[in-house]
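# Notes for the structure review
Next come the chains, spelled out residue by residue.
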Amino acid sequence: NVTGKNKSAIVNTKKLTVNGGVLNLTAVNHGLYGEDYGVEINGGAITINAGKNGIKSGDYEKAENKNDPPVKDIVSPVKITGGRIDITSKADAIKANGDVSIASAGVSMVSDTNGIDARGNVTLEGVDGMADAIIDISSIKRGINCNGDFKILDGANLKIDVRVSAEEADNSSDEFNYNKDCIKA
């Protein structure tokens, strides 16, 4: 059990790799954060309860003037190739300043914003001879938001539930028309 009372639960300024084991992470900020070279999960049973992003890779900070290049732009992926991951987050469940790939893993996400938010491509797939990729997303904003290509390949099962926030439900009338994107690519 790891509790990040003031910060993230586990941070690595290089590449953060999890090869197995049981992790129960609770954090004020991010559950797993691989700053420079991303996050790679190759197995294990991981439960994350995060005040911000569940899993975060890379970093991006806009310049004050929108015409200037970003102040910080560290591109790094999130790669999940096995295991069972349960994420509950106040921000994005998985946020990558790069690509996100999930193969032959079970990932359940409950997010107050996006399930997956990637500045690159998102690929979901099963791998021959291994378990299918089962991805279950419940979010308020979008299930998947990516700036690149979105691909679902053989062996991937995806369920997305975009729900109404408590604030939106409280401010609605009887003829409330709720329309948000499940996937934006």
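Going by the structure above, here's the rest.
Residues numbered from 1 in each chain as written. Predicted model: local features only at pLDDT ≥ 70, side-chain atom pairs only at ≥ 80, totals over all residues. Heavy atoms only, no water.

## Focus: the overall build of the chain
Here is the rule: Only DSSP runs of H or I covering at least 4 residues are called helices, and only runs of E covering at least 2 are called strands; the numbering of each starts at the N terminus. Here the term buried applies to any residue with accessible area under 20% of the maximum for its type, exposed to any over 50%, and partly exposed to those in between, with areas from a 1.4 Å probe on protein chains only. Contacts: residue pairs with any heavy atoms within 4.5 Å of one another. Methods summary: accessible areas were calculated by the Shrake-Rupley approach with a probe of 1.4 Å, and residue burial reflects only the protein chains presented.
Of the regular secondary structure elements, the chain holds 1 helix and 22 strands. Looking at the chain as a whole, 42% of its 185 residues are labelled buried. Excluding contacts between residues fewer than 6 apart, the proportion of contacts in the chain whose partners are at least 24 apart in sequence is 45%. Taken as a whole, the chain presents about 9,700 Å² of accessible surface, with 44% of it coming from carbon and sulfur.

## Quick word on the sheet that holds strand β19 (residues 142–146)
The pairing of strands in a sheet comes from backbone hydrogen bonds and takes either a parallel or an antiparallel form. To keep things clear, this is the line we draw: Between any two strands, pairing holds if DSSP finds at least two bridges.
The strand order β2-β5-β8-β13-β16-β19-β22 describes an open sheet built from 7 strands, whose pairing is parallel. On the outer flanks of this sheet lie β2 (10–12) and β22 (183–184), each paired with one strand and no other. Where strand β8 (residues 55–57) lies against strand β13 (residues 94–96), 3 bridges are found, and the strand directions are parallel. Counted as the bridge partner of Lys56 is Lys95 from β13.

## Notes on the pattern of salt bridges
Here is the rule we go by: We count a salt bridge whenever a side-chain nitrogen from Lys or Arg sits within 4 Å of a carboxyl oxygen from Asp or Glu.
Summed over the entire model, instances satisfying the criterion amount to 5 salt bridges. Here Asp117 makes a salt bridge to Lys95, at a shortest N to O gap of 3.2 Å. Within this pair, whereas Asp117 is found in strand β16 (residues 114–118), its partner Lys95 is found in strand β13, the two being separated by 22 residues in sequence. The buried category is assigned to Asp117, whose relative accessible area is 13%. The exposure class assigned to Lys95 is partly exposed, which follows from its relative accessible area of 30%. Members of the salt-bridge network, linked through shared partners, are Asp92, Lys95 and Asp117.

## Remarks on the nonpolar core
Within soluble globular proteins, side chains that are nonpolar generally end up buried alongside one another. Which entries qualify depends on this criterion: Grouping buried Ala, Val, Leu, Ile, Met, Phe, Trp, Tyr and Cys residues that are joined through side-chain atoms within 4.5 Å yields what is termed a nonpolar core.
By size, the foremost hydrophobic cluster in this structure holds 34 residues, and its most contacted members are Ile55, Ile80, Ile94, Ile102 and Met109. Not counting residues within four places of it along the chain, the set of residues in contact with Ile94 comprises Ile55, Val78, Ile80, Ile87, Val100, Ile102, Met109, Gly115, Ile116 and Asp117.

## Observations regarding the pairing of strand β7 (residues 45–50)
Judged by which residues are buried, β7 turns out to be one-sided: Ile46, Ile48 and Ala50 face inward and are buried, whereas Ala45, Thr47 and Asn49, on the alternate face, are not. Pairing analysis gives 6 bridges linking strand β4 (residues 22–27) to β7, with the strands arranged parallel. Across the sheet, Thr26 pairs through a bridge with Asn49, a residue of β7. With 6 bridges joining them, β7 and strand β12 (residues 84–89) adopt parallel strand pairing. Of the residues in β12, the one forming a bridge with Ile48 is Ile87.

## Some thoughts on the pairing of strand β14 (residues 100–103)
Note on strand geometry: in a regular strand, side chains alternate between the two faces of the sheet. As paired elements, strand β11 (residues 78–80) and β14 share 3 bridges and run parallel to each other. Along β14, the bridge assignment pairs Ile80 with Ile102. As defined by bridge partners, β14 adjoins strand β17 (residues 122–125) across 4 bridges and the pair is classed as parallel. Bridged to Ile102 within β17 is Leu124.

## Here we look at the environment of Lys141
In this fold, Lys141 is placed in the loop between β18 (133–139) and β19. For Lys141, a relative accessible area of 44% puts it in the partly exposed group. Separated by 28 residues in sequence, Lys141 and Thr113 have C-alpha atoms that sit 4.7 Å apart.

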